[in-house]
Each structure stands twice: as C-alpha cells, then as structure tokens.
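An overview of the molecular structure
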Amino acid sequence: MRAVVFRAYGPPGVLDLTSLPIPEPGPGEVRIRVRACAVNHLDLDLRAGKARMPITLPHVLGREAAGTVDAIGPGVSGVAPGERVLAAPIVPCGRCNACQAGDDNLCPHAQMPGIQMPGGYAEYLVFPARGLLRLPAALSFEAAAATPISFGTAWRMLVTIAAVRPGETVLVTGAGGGLGSAAVQVAALRGAQIIAAAGSDQKLDYARACGAFAGINYRETDLAVEVLRLTGGRGVDVAVEHIGGDILRATLACMATKGRLITGGGHGGEVVPLDVIPFFRKELSLLGSRSQRREELETVLRLVGEGALVPHIDRVLPLEAAAEAHALLEARSVIGKVVLIP
Ligand SMILES: [Zn+2]
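Note that this is a predicted model, so its numbers are computed, not measured.

Taking 1.5 Å per residue, 12 residues should reach 16 Å; helix H5 (residues 178–189) reaches 17 Å between its end C-alpha atoms and fits that length. Summarising burial for H5: 10 of the 12 residues are buried, a large majority. In this fold, the buried residues of H5 make contact with helix H4 (148–161), strand E8 (169–172), strand E9 (193–198), helix H6 (201–209), strand E11 (236–241) and strand E15 (337–341). A positive backbone phi angle near 85° is found at Gly191, which sits one or two residues after H5.

Here we take up the pattern of salt bridges. Tallied over the entire structure, the rule returns 20 salt bridges. Its salt-bridge partner being Glu168, residue Arg165 comes within 3.0 Å of it at the nearest N-O pair. Residue class for Glu168 comes out buried when judged on its relative accessible area of 8%. The salt bridge partner of Arg234 is Asp237, with a shortest N-O separation of 2.7 Å. One continuous salt-bridge network, built from bridges that share partners, spans Glu24, Arg31 and Asp70.

Here we come to the coordination of the zinc ion. Distances from the zinc ion to its protein donors, namely Cys93 (SG), Cys96 (SG), Cys99 (SG) and Cys107 (SG), fall within the range 2.3 to 2.4 Å. Every donor counted, the four donor atoms about the zinc ion form angles of 106 to 115° at the centre, which fits tetrahedral coordination.

Here the focus is unusual backbone geometry. A cis amide bond, omega -5°, links Leu57 with the succeeding residue Pro58. With respect to the secondary-structure elements, Pro58 resides in the loop between helix H1 (41–48) and strand E4 (64–72). The backbone of Arg52 shows a phi angle near 50°, a positive value even though the residue is not glycine. Note that Arg52 resides in the loop between H1 and E4. Judged by relative accessible area, which is 70%, Arg52 ranks as exposed. Within the chain, Lys258 stands out as a residue other than glycine whose phi angle is a positive 65°. Inspection of the secondary structure assignment puts Lys258 in strand E12 (residues 255–263).

A separate point is the domain arrangement of the chain. For the chain, the assigned domains read domain 1 (2–146 + 312–341) and domain 2 (151–288). Relative placement of domain 1 and domain 2: their C-alpha centres are 29 Å apart. Note on domain 1 versus domain 2: buried area summed over both sides is about 810 Å², and carbon and sulfur give 49% of it. Together, His312, Arg332 and Ile335 form the three largest contributors to the area buried by domain 1 at its contact with domain 2, with a combined 49%. Applying the counting rule to domain 1 against domain 2 returns one salt bridge. Of the charged contacts in the structure, one is a salt bridge between Arg52 and Glu270, with a shortest N-O distance of 2.8 Å. For the pair domain 1 and domain 2, the number of links is four residue pairs in polar contact (both at pLDDT 80 or more).

Turning next to the packing of aromatic side chains. All told, the structure shown has one aromatic pair when counted by the stated rule. On the basis of an interplanar angle of 55° and a centroid distance of 6.1 Å, the ring pair of Phe6 and Tyr9 is categorised as tilted. Positioned over the ring face of Tyr124 is Arg31, at 5.5 Å from the centre of the ring. Its guanidinium or amino end placed over the ring of Phe141, Arg84 lies 4.7 Å from that ring's centre, counting from NZ or CZ.

Glancing now at the nonpolar core. Among the nonpolar cores identified, the biggest contains 51 residues, and Val30, Val39, Tyr121, Phe127, Leu132 and Leu340 are the most heavily contacted of them. Those residues in contact with Val39, other than ones at most four positions away along the chain, are Leu44, Tyr121, Ala325, His326, Leu329, Lys337, Val338 and Leu340. Listed in part, the 50 residues of the second largest apolar core include Leu179, Val186, Ala198 and Leu204.

So, about the environment of Ile115. Tracing the sequence through the fold places Ile115 in the loop between helix H2 (97–100) and strand E6 (124–128). Sequence separation between Ile115 and Ala214 is 99 residues, and the spatial gap between their C-alpha atoms is 37 Å. With residues near it in sequence (within four places) discarded, Ile115 still touches Leu42, Leu46, Met53, Pro54, Ile55, His59 and Arg63.

Here the focus is the sheet that holds E8. Taken in spatial order, the six strands of this open sheet run E10-E9-E8-E11-E12-E13, and their pairing is parallel. Because the sheet does not close on itself, it has two edges, and the strands there are strand E10 (214–217) and strand E13 (285–288). On average, adjacent strands in this sheet sit at an angle of 20° to one another, irrespective of strand direction. Summarising the sheet, E12 and E13 pair through four bridges and their orientation is parallel.

Conventions used here
- Residues numbered from 1 in each chain as written.
- Predicted model: local features only at pLDDT ≥ 70, side-chain atom pairs only at ≥ 80, totals over all residues.
- Heavy atoms only, no water.
- Helix = DSSP H or I, 4+ residues; strand = E, 2+ residues; numbered from the N terminus.
- Expected span 1.5 Å × (residues − 1).
- Buried < 20%, exposed > 50% of the residue type's maximum accessible area, 1.4 Å probe, protein only.
- Contact = heavy atoms within 4.5 Å.
- Salt bridge = Lys/Arg side-chain N within 4 Å of Asp/Glu carboxyl O.
- Donors = N, O, S within 2.8 Å, 3.2 Å for Na, K, Ca; no water.
- Tetrahedral: all angles 85-135°; square planar, octahedral: opposite > 155°, others 65-115°.
- Domains from an automatic or database assignment.
- Buried area = accessible area lost by both parts, 1.4 Å probe.
- Polar contact = N/O pair within 3.5 Å; in protein donor to acceptor, adjacent residues only side chain to side chain.
- Phe/Tyr/Trp six-rings, centres within 6.5 Å; stacked < 30°, edge-to-face > 60°.
- Lys NZ or Arg CZ within 6 Å of the ring centre and 35° of its normal.
- Core = buried A, V, L, I, M, F, W, Y, C linked by side-chain atoms within 4.5 Å.
- Pairing = 2+ DSSP bridges.
- Axes fitted to C-alpha atoms, helices over the stretch in contact; angles between N-to-C directions.

Written as structure tokens, this is what we have:
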C-alpha cells in the first residue's frame, strides 16, 4: 500500500511516500480503507521530534482518518465490511479507573492513531473495532476527517467544561484555526455572543463568517483593551484559549466577574505569570480541557451530518503532498483544515 512515513525527525522533507505491506487486522481489530485523513499541528510536532510523545520510527502519522471498513479481524462483531467509519483519535482502554469513571479522555492507557499506532497517512489502517464511529449518511469522508479533534475539543471546552449559556459573551483565541473556528461555531450554536481573536484580518473575516460579532487582530491591537471596549468594560464570561504564553496572559485580563477561562493548549508558551488579585476578587476560574470523549465525538459528528456545524476545509491534497501540507500549516497560511486523500 502507499503510505507516507518518516524515518528521522526533521523538516517536512523527511516525509516520504513509500510502499508498505497491507496490514492484517488482529483480534478485535478491523482494517479501514482510508479515504481521507486530516493534518494536525500535532503531526508537525511529532515529525519534528518536539511532541514529547512515545513514537517509534519509522512512523506513519495521521490522527483523523475516515474511510470504509475493508476487513474484519477475529472476534469482531457489530461492524461489517463496507461501513463508512471514522477512526476515533483516542481509543481508551475501557478498564482503568479513569475509564470506569467515564473520564475516557483521561485514560492513561489510551491508544492514539498516528502516535502509539500507525495513522491515516496511508491507504489502509488497522484499528481497534471499539474505536470506530459510524458516519452519518450525509457526511463526506473529507468532512468527517476534519471534524473530531477540532469540533470534539471545542464541544468539550465550551459545552462540557464551560457549560456556556445563551447570551453569554465568549472570547475565542486563535479563531481562524481548526479548533478556533470550530469553537466559534459551537459557541454560536449555543446562543453565545462571540468575540474572535486571531493574528490576521483574513482569519478574523472567516471567524465572523462562522458567527463572531467582532474580531480582534492581536498582532495590531491590545487584546484586553479591545475586549473591554467591546463589552462596555465588563469583560467576557467565557474564554476558549489554546495558545498559551502572552495570549493566555492577555486573556486573563479579558475576563468578567465569575468568568471561566478554558485552556487547552500551550504552543505559544507553557509558563504564564498570573496576577492572583483580580483572580480571587472576580472569582475567576481557570479550567483545563483535554482531547474529547466518545459521546462528544458522537455529538459533533451528528451535528456536522445535520449541517448545524460545518468544518472548513482549506484544501484537499493527495497523500503524496503530505510534506506540502505540513509546510502550509507551519507557515500558518491555512484557514481551517488540510485533508489528505490516500
Ligand atoms: Zn482507561
């Protein structure tokens, strides 16, 4: 089968289109004929050797793969060849304390395609049957692959963790990216008033099209000053923040009394100074959010299938253009997702 592998950490050029044996599904597994696989920023970090995650080289990337079931391993029931499926980006063990408590997104033994096992940058993917999600009939493979991490994470941050209510004001940072634009859409679906923040006017235009009433370019404008101006000095009730560093620091200054700031990423800086005085005087909450649970994935897949949420696909490229896709993401020149077609 055709697959893109890398044998050493490095720049996008280390990604190599090669031929690998078609894998056979073992007990409890199925083989998926991959029809679409989205590219994630984590893929770039894994390729560069910066992700601090356990991968073995050579490695096949690909966290979000959709396709059709092609072969069934021993002991698998309830799924048939030809079914259209998404491979969940996280497959919890189902047995540990976290899983038993329903915290499957926190399972320390979870298997993740493209990290501990080969991912979707290949024609075929062998995958645990219990990690499959059926695709709604109306959902294309490209849209399905572009959905789970961005919309599943946005749903977890805004609905499960922040419990955002209609009429609340929500600030979304990095609003032109996959997660940010998904968060704008989820917040709009929940009836919130959204302020988008991003580093380019083009990305802000897209965030407005997703439902934001205002956009702030934080490369040109002071984020907190502008948020306070837009909210009449009150600040925002909820902030979805996934950049960290100076952006998280500025977001802390944007919060209204009893505001909830949800953090889900720290590419822009992992250690952030915190002024505790406004924090306790305003009874602010800083809440962490990690990946997504199966029920959240099922919810967003259904909503995308119904057209209530719409993943924005910047472009669709053939598998052999994986290095080009990585270079595009590294240049921050894409809005929404890039999807590879093996
Ligand atoms: Zn577990």
